[in-house]
Amino acid sequence: MLFLISLASAATVTDLPPFLRGDVSVGYTFDRLQGSLSQHSFLSEEDEDVADRQVNGHVMHYGLAFGVAPGTALFVDVPHTVYQSVEVQGWSKMVYDPATETGSYAGTVTEDDATVAKGNGVHGAWIGVKGTPFSEAFTSRRNRFTLLLEGAVRTPGDGAWFVVRDPSDSDGLGTHGAGPGGVGLRAAMTVSARHKRHEPYMRLVVEDNLPVTLDILDDDGTVLFKNAELDPANTVDAAVGAEFITGENANSGARSAVDLHLAAHWSSYQDVPTGVELPSVLLPDTGLVQQAESFELGGGVGLDVRFMKYLQWQLHGEVRYHLAQRIESPYPVYTGGDTIRIVAGTTLTIRVR
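All of the points below concern the structure found in this document. (Residues numbered from 1 in each chain as written. Predicted model: local features only at pLDDT ≥ 70, side-chain atom pairs only at ≥ 80, totals over all residues. Heavy atoms only, no water.)

### Comments concerning the overall build of the chain
Part 1: From N to C terminus, the chain includes 0 helices and 22 strands.
Part 2: Expressed as lengths along the three principal axes of its C-alpha atoms, the size of the chain is roughly 75 × 40 × 30 Å.
Part 3: Within the span of the chain, comprising 353 residues, buried residues form 48% of the whole.
Part 4: Of the side-chain charges in the chain, 25 are positive and 44 negative, and the distance between the mean point of each set is 19 Å. (Helix = DSSP H or I, 4+ residues; strand = E, 2+ residues; numbered from the N terminus. Buried < 20%, exposed > 50% of the residue type's maximum accessible area, 1.4 Å probe, protein only. Lys, Arg positive; Asp, Glu negative; His and termini not counted. Charge placed at Lys NZ, Arg CZ, Asp CG, Glu CD.)

### Observations regarding the layout of surface pockets
Part 1: Roughly 460 Å³ of volume is contained in the largest pocket.
Part 2: Lining the largest pocket are 23 residues, and of these Asp-218, Asp-219, Thr-274, Gly-275 and Val-281 lie nearest its centre.
Part 3: Among the elements of the structure, strand S6 (114-122) and strand S13 (212-217) are those that each provide at least two residues to the lining of the largest pocket.
Part 4: The element that contributes the greatest number of residues to the lining of the largest pocket is S6, accounting for 3 residues.
Part 5: Tallied by class, residues from the lining of the largest pocket come to 15 nonpolar, 6 polar and 2 charged. (1 Å grid on protein atoms, 1.4 Å probe; cavity = no way out; pocket = protein on both sides within 12 Å on 5 of 7 lines; lining within 4 Å. Points joined across faces, edges and corners; volume = space filled by probe spheres on them. Nonpolar A, V, L, I, M, F, W, Y, C, P; charged D, E, K, R; others polar.)

### What to know about the nonpolar core
Part 1: Judged by nonpolar contacts, the single largest core of 26 residues is most densely connected at Leu-37 and Leu-278.
Part 2: For this core, the secondary structure elements donating two or more residues are strand S1 (22-39), strand S2 (48-69), strand S3 (72-89), S6, S13 and strand S14 (223-230).
Part 3: With 3 residues, S2 is the largest single contributor of residues to this core. (Core = buried A, V, L, I, M, F, W, Y, C linked by side-chain atoms within 4.5 Å.)

### Some words on the packing of aromatic side chains
Part 1: Applying the stated rule across the entire model yields 1 aromatic pair.
Part 2: Between Phe-134 and Phe-145, the aromatic rings sit 5.6 Å apart at their centres with planes inclined by 35°, giving tilted as the arrangement. Of the two residues, Phe-134 is situated in strand S7 (residues 126-134) and Phe-145 in the loop between S7 and strand S8 (146-154); the sequence distance between them amounts to 11 residues.
Part 3: A cation over an aromatic ring shows up here: Lys-130 above the ring of Phe-75, its NZ or CZ 5.0 Å from the ring centre.
Part 4: Across the ring face of Trp-126, the terminal group of Arg-186 is positioned such that the distance to the ring centre comes to 4.3 Å. (Phe/Tyr/Trp six-rings, centres within 6.5 Å; stacked < 30°, edge-to-face > 60°. Lys NZ or Arg CZ within 6 Å of the ring centre and 35° of its normal.)

### Notes on the pattern of salt bridges
Part 1: Per the stated rule, a full pass over the model turns up 17 salt bridges.
Part 2: A salt bridge links Arg-197 to Glu-248; the shortest N-O distance between them is 3.8 Å. Residue Arg-197 is located in the loop between strand S11 (184-192) and strand S12 (198-209), and its partner Glu-248 is located in strand S15 (residues 235-249); the two are separated by 51 residues in the primary sequence.
Part 3: Judged by relative accessible area, which is 42%, Arg-197 ranks as partly exposed.
Part 4: For Glu-296, the salt bridge identified is with Arg-341, shortest N-O distance 2.9 Å. With Glu-296 in strand S19 (residues 294-308) and Arg-341 in strand S22 (residues 340-352), this pair connects stretches of sequence that are 45 residues apart. Taken as a pair, Glu-296 and Arg-341 share a single burial class, namely buried.
Part 5: By sharing partners, the salt bridges in this structure join Asp-31, Glu-296, Glu-318, Arg-320 and Arg-341 into a single network. (Salt bridge = Lys/Arg side-chain N within 4 Å of Asp/Glu carboxyl O.)

### What to know about a negative patch on the surface
Part 1: A cluster of like negative charges, contributed by Glu-45, Glu-46, Asp-47, Glu-48, Asp-49, Asp-52 and Asp-338, occupies part of the molecular surface.
Part 2: Its place among the elements puts Glu-46 in the loop between S1 and S2. (Patch = residues over 30% accessible without salt bridge, like charges linked within 9 Å, V, L, I, M, F, W, Y side chains within 5 Å. Areas by Shrake-Rupley, 256 points an atom, 1.4 Å probe, with all protein chains shown as cover.)

### A closer look at unusual backbone geometry
Part 1: Despite not being glycine, Lys-196 shows a phi value in the positive range, around 55°.
Part 2: Its location among the elements puts Lys-196 in the loop between S11 and S12.
Part 3: One non-glycine residue with positive phi stands out, namely Asn-227, at about 55°.
Part 4: By secondary structure assignment, the location of Asn-227 is in strand S14.

### With respect to the pairing of S22
Part 1: Of the two faces of S22, only the one carrying Arg-341, Val-343, Gly-345, Thr-347, Thr-349 and Arg-351 is buried; Ile-340, Ile-342, Ala-344, Thr-346, Leu-348, Ile-350 and Val-352 on the other face are not.
Part 2: Pairing analysis gives 13 bridges linking S1 to S22, with the strands arranged antiparallel. When the sheet's bridge partners are listed, Arg-32 is paired in S22 with Ile-342.
Part 3: Taken together, the 11 bridges between strand S20 (residues 311-322) and S22 define a ladder with antiparallel strand orientation. Along S22, the bridge assignment pairs Trp-313 with Leu-348. (Pairing = 2+ DSSP bridges.)

### Some thoughts on the side chain of Ser-135
Part 1: Here Ser-135 lies in the loop between S7 and S8.
Part 2: By relative accessible area, Ser-135 is classed as buried at 4%.
Part 3: Dropping the residues within four chain positions of it, Ser-135 is found in contact with Asn-143, Phe-145 and Thr-146. (Contact = heavy atoms within 4.5 Å.)

This is the structure in structure tokens:
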């Protein structure tokens, strides 16, 4: 999660542009979920690794925030997936298993490395307001901490990641959209406080992605199911950490800090089309399957450099362990015990002051 900076008296995660001033930012994030796929065996206690998988995303962020009142700002954030893909190695085609009356990867011939799905597009625009009813920047109030509250709505995006948007090209794969596809709602709360040269903080973000009705297409553009109702996952993100200030100049507005934090991510179950994040499936009658909820736990580090009051640059990185998750409800295939998520990126902010 990338944040905008304004005042030196508040932590990066709770700063806002001053009244009638603003911030313009552009950022890039690389997101990779990598690990093995494991198939549960009903005949033995040991699971079998059936593939290695990477889900990669390259996302640009374009942001604008403007102070409409002291301690209050309107903002717009536009996430744009430049490229997303699901890639597999050491996989095999799924066959029907009469013993379990479902699909199985066990005992079939290993195929060449493959790209299962690819996509790109704009997720929609987050439009919202954030404000600080309590802030260390309000020196006359003598607040001992800063509380930032945020609410936003996301407009529908350019298709959805789980649905083919454009028919296949020379590689035989259709191009999927990006993001959940429908309208989103977000509420967030962040608390920070400065203690000498460090600023501890806590942040909680809840995102509700509303159902969206779309046609499910095959890679060649054939309509498989019309007006299917997808129910994207809702998410909760939490972080606890601190910024350690390594340098500060009140005259020029320059500032540098290192961020260390612990993070957790939870996604609810979701109803989505089959075969997008598995290498080979048997097409169910409805075309929709349920992907189980997931939980990730880890930590990260960040570097924040404000060269002067008008220009700021950030780097961030995070690694989270991904607990076992059933990919699609009809099949006993789970993420393996070696699955991790790696998130890294950078952002540049021009601070209009």
